[in-house]
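What follows is each chain in one-letter form.
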Amino acid sequence: MALADHLRELRNRVVKSVLVIVVFTIVALIFHKQIESLLLKPIPQCDPADPTKYEGRCAQVSTVGLTAGFNWMLKVALTAGVVAAVPVWLYQLWAFVAPGLHRHERKYTLIFMACGAPLFLAGVGCAFLVMPTTVEVLISFSPTATTPILPPDDYFDIATRMVLVFGLAFEFPLLLVMLNIVGIVTGKRLLGWWRGMVMAITVFAAFATPSADPVSMLVLAAPIWALYFIAVGIALFNDRRRARRNPDLALDDEEASHLDLSVQPVSGPEAVEASSAPVASAPVPAARHEQMDDIT
């Protein structure tokens, strides 16, 4: 295809993805009250009738401005539409790239897409699991004699960041498996990195969670630890499978392969009977001998 045809194909894929996102956004606008209640559920809201309900660790959700509620509704609906349309625009992306891939590369791409969406959703669920503890810890830093007023946009930005960070963090082991499949890194090397990986994942979890409590950090770090070791096991199994097919696959570019120099027994000579007696050659004339001597 020419460059203009590729751009036209990309435009069609983008338009289809945008249309699906718009449809899901309209559906989210219809049910925006339910979605907002689900998003605001982790916030311990203060109850005027019972000020000691959360022992001072509560907040009052309040919008500031005439259009703040409308902007909040649009932001929630658009985000919900993009998340709900993930399978569609991922498929459109794959359909645009697939014609340029080989058959085995298409298979790996489908596996990546099939495993990527559940892992991302698992990270989103983990983020919602950590969100109540995170909100309570952040609210606890407020002065005792004050009631924190929390704008929905501020809370939504923190929640969106946590959802994206947790979802992308759960994709990291899948990325390691894909690097092993294409031959960039071996399972043995991944296993040798386990101490550094555990430390790096722990530090990442500490910086990724807005709160400073160890519970939120462990809730993010522990699943990634488990997924990392699962990815190492898959990589080792894949290396062993490829080694059975090609024993010289693990050799370096400048390393010689193993040569079989063992002596193999050779059977004795075998007599072959001629089909007929050989025909005697004609004698060479004397003149021919002289010509051959002259040439020589």
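Our subject in this report is the structure included herewith.

Conventions adopted
Residues numbered from 1 in each chain as written. Predicted model: local features only at pLDDT ≥ 70, side-chain atom pairs only at ≥ 80, totals over all residues. Heavy atoms only, no water. Helix = DSSP H or I, 4+ residues; strand = E, 2+ residues; numbered from the N terminus. Buried < 20%, exposed > 50% of the residue type's maximum accessible area, 1.4 Å probe, protein only. Expected span 1.5 Å × (residues − 1). Contact = heavy atoms within 4.5 Å. Salt bridge = Lys/Arg side-chain N within 4 Å of Asp/Glu carboxyl O.

Turning next to the environment of Arg240. Mapping Arg240 onto the fold places it in helix α10 (residues 214-245). Using a relative accessible area of 59% as the deciding quantity, one classes Arg240 as exposed. A sequence separation of 53 residues divides Arg240 from Gly187, and the C-alpha atoms of the two residues are 9.3 Å apart.

Given a rise of 1.5 Å per residue, 17 residues ought to cover 24 Å, and the 24 Å separating the end C-alpha atoms of helix α3 (residues 68-84) matches this to within 8%. Every buried residue of α3 is listed here: Ala68, Trp72, Met73, Val76, Ala77 and Gly81. Check the buried side of α3 and you find it contacts α1 (3-30), α2 (32-40) and α6 (152-169).

Now for the pattern of salt bridges. Within this structure, the stated rule accounts for three salt bridges. For Arg13, the salt bridge is made with Glu9, and the minimal N-O distance between the two is 2.9 Å. Of this pair, Arg13 and Glu9 both sit in helix α1, separated by four residues, roughly a single helical turn. Looking at Arg13, the relative accessible area reads 18%, which means it is buried. For Lys75, the salt bridge is made with Asp157, and the minimal N-O distance between the two is 3.9 Å. Separated by 82 residues along the polypeptide, Lys75 in helix α3 and Asp157 in helix α6 bring together distant segments of the chain. For Lys75, a relative accessible area of 31% translates into the label partly exposed. Judged by relative accessible area, Asp157 falls into the partly exposed class, the value being 44%.

By themselves, these figures tell us nothing about what the structure is for.
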